[in-house]
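Per-entry structural report
Spelled out from the first residue to the last, the chains are:
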Amino acid sequence: MKKKTIALLLVLVMIFGISVGGTIAYLTDKEAVTNTFTVGNVKIKLTETKIENGDVTDDRIQGSATETIGNQYHLLPGLSYKKDPMVTIVEGSEESYIRMIVTVTDCKDVDAAITEANELRANADPELPAIQLTDMFGGYDADKWILKNETKTAIDGTDDYQRTYEFWYANPIAGHADNKNGNEDQDNNLEPLFTTLKVPGEIDNDSLAAIAEMTIVVEAHAIQAAGFANAEAAWGAWTVNN
C-alpha cells in the first residue's frame, strides 16, 4: 500500500510538473527599425554677364564649379566694364562653404603699368592714394566676400609672375533661399564677387598695349559644411584631398 501511495504521489508530481511547464507564457514584444539612407550633394555654378562688342547683354555665361568661359574686353583708359562673377548654389545642395579664387596673369607688365600710373597720379595730386591691382575691381563687398590670401607665383622659365587672390564667402550657404512667393527650395544666387573691371585713367595706351596678354581667371569652389568645425578646417581638407 505504501509503495502504491509513493508511486501515486510521483505520478501526481510528474503530472503537475508537466501541467505547469506546459502553461508558462512569457511577456514578449518585438520591433524592427529600418534605416533609409539618401545621398547628399554639393553643386554650384559660376556665371558672369556676357559682353558683346563692348555692350552688356542680359545673358550670363554658364560655367562649372571650377571653370567658366570668359569674356573678351577691349580696354580704354578711364572706362569701366561689366565683370560680375557670381556663384549659384544649385537647389537641393547641402549647406556649404564657398570661395572664389581670382588669378591675374602677366603681372610683371600689369605692375609696371600700375607703377607708371601711380607716378602720373602723384605728380598730378600727391594726396591721391596709390592705385592697387585690386582697385581695378569695382563693386567688391568686403563684408560678403572676405579676402583671405594673396600670393605671388613665379612663372617657370620666365621673369614673369601671377597674383592669386582667395576670397571666402562670409557664411556657409545651402541650395535654397526664402523668397517672397513662399517657395523655399530654389537655386541660391550669391552676390557677385565684384561687378566691374575699371581701367585707371592714368594708364595710357602704351601701358595698355603692354598688358594685352593679361588674363583674369576666376574659379569657384564649394565644400560641405557638415563635419567641419569651421571654414578653416573645411578648406584645409580641400587642400589635402584635391
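To start, this report covers the structure provided alongside it. These numbers were taken from a predicted model, which means no experiment stands behind them.

1. Section: the overall build of the protein
- A tally of regular secondary structure across the protein gives four helices and eleven strands.
- A buried classification covers 33% of the 242 residues belonging to the protein.
- Of all intrachain contacts in the protein linking residues separated by at least 6 positions in sequence, the fraction that spans at least 24 positions is 70%.
- When the accessible area of the protein is evaluated, it comes to approximately 15800 Å², of which 53% is carbon and sulfur surface.

2. Re the nonpolar core
- The biggest cluster of nonpolar side chains holds 36 residues, and the ones touching the most others in it are Val87, Ile98 and Trp145.
- At the level of elements, β1 (44-52), β4 (86-89), β5 (96-104), α2 (107-124), β8 (161-169) and β11 (216-224) are the ones that each hand at least two residues to this core.
- It is α2 that provides the largest number of residues to this core, a total of five residues.
- Judged by nonpolar contacts, the second largest core, of eight residues, contains Trp168, Ala231, Ala234 and Trp238.

3. Structural notes on unusual backbone geometry
- Within the chain, Asp106 stands out as a residue other than glycine whose phi angle is a positive 55 degrees.
- Structurally, Asp106 can be placed in the loop between β5 and α2.

4. Digging into the pattern of salt bridges
- Taken as a whole, this structure holds nine salt bridges when the rule is applied.
- Salt-bridge contacts for Glu166 lead to Arg99; the nearest nitrogen and oxygen are separated by 2.9 Å. Placement of Glu166 in strand β8 and of Arg99 in strand β5 is noted, with a sequence separation of 67 residues between them.
- Judged by its relative accessible area of 14%, Glu166 falls in the buried class.
- A salt bridge links Lys108 to Asp159, with the nearest nitrogen and oxygen atoms 2.4 Å apart. Taken together, the residues span a long stretch of sequence, with Lys108 in helix α2 and Asp159 in the loop between β7 (145-154) and β8 at a distance of 51 residues.
- The partly exposed category is assigned to Lys108, whose relative accessible area is 36%.

5. Points about the environment of Val217
- Within the secondary structure layout, Val217 lies in strand β11.
- Along the primary structure Val217 and Val104 are separated by 113 residues, whereas in three dimensions their C-alpha atoms are 6.5 Å apart.
- Setting aside its immediate chain neighbours within four residues, Val217 contacts Ile101, Val102 and Thr103.

6. Some details on α2
- With 18 residues, α2 should reach 26 Å at 1.5 Å per residue; the first-to-last C-alpha distance of 25 Å fits that figure.
- Within the span of α2, buried status applies to Cys107, Val110, Asp111, Ala113, Ile114, Ala117, Asn118 and Arg121. The buried residues of α2 occupy an angular sector of 160 degrees when projected down its axis, which confines them to one face.
- Where α2 is buried, its residues meet β5, β8 and α3 (205-210).

7. Some words on the sheet that holds strand β6 (residues 137-138)
- As summarised here, the arrangement of the three strands in space is β3-β10-β6, forming an open sheet in which the pairing is antiparallel. At either end of the open sheet lies a strand with only one pairing partner, and these are β3 (80-82) and β6.

8. Considering the sheet that holds β1
- A sheet is described by the order of its strands in space; here four strands give the open sequence β2-β1-β4-β9, paired in antiparallel fashion. Sheet topology places β2 (55-63) and β9 (188-189) at the edges, where each strand pairs with a single neighbour.
- Inspection of the sheet shows β4 paired to β9 by two bridges, in the antiparallel sense. When the sheet's bridge partners are listed, Thr88 is paired in β9 with Asn189.

9. What to know about the side chain of Asp160
- The residue Asp160 is located in the loop between β7 and β8 in this model.
- Although Asp160 is buried, it makes no salt bridge; Lys108 carries the closest opposite charge, 6.9 Å away.
- At 3.5 Å, the side chain of Asp160 and the backbone nitrogen of Cys107 are in polar contact.
- Among all residues touching Asp160, those that are not within four sequence positions of it are Asp106, Cys107, Lys108, Ala154 and Ile155.

Rules used in this analysis
Residues numbered from 1 in each chain as written. Predicted model: local features only at pLDDT ≥ 70, side-chain atom pairs only at ≥ 80, totals over all residues. Heavy atoms only, no water. Helix = DSSP H or I, 4+ residues; strand = E, 2+ residues; numbered from the N terminus. Buried < 20%, exposed > 50% of the residue type's maximum accessible area, 1.4 Å probe, protein only. Contact = heavy atoms within 4.5 Å. Areas by Shrake-Rupley, 256 points an atom, 1.4 Å probe, with all protein chains shown as cover. Core = buried A, V, L, I, M, F, W, Y, C linked by side-chain atoms within 4.5 Å. Salt bridge = Lys/Arg side-chain N within 4 Å of Asp/Glu carboxyl O. Expected span 1.5 Å × (residues − 1). Arc of directions from axis to C-beta. Pairing = 2+ DSSP bridges. Lys, Arg positive; Asp, Glu negative; His and termini not counted. Polar contact = N/O pair within 3.5 Å; in protein donor to acceptor, adjacent residues only side chain to side chain.

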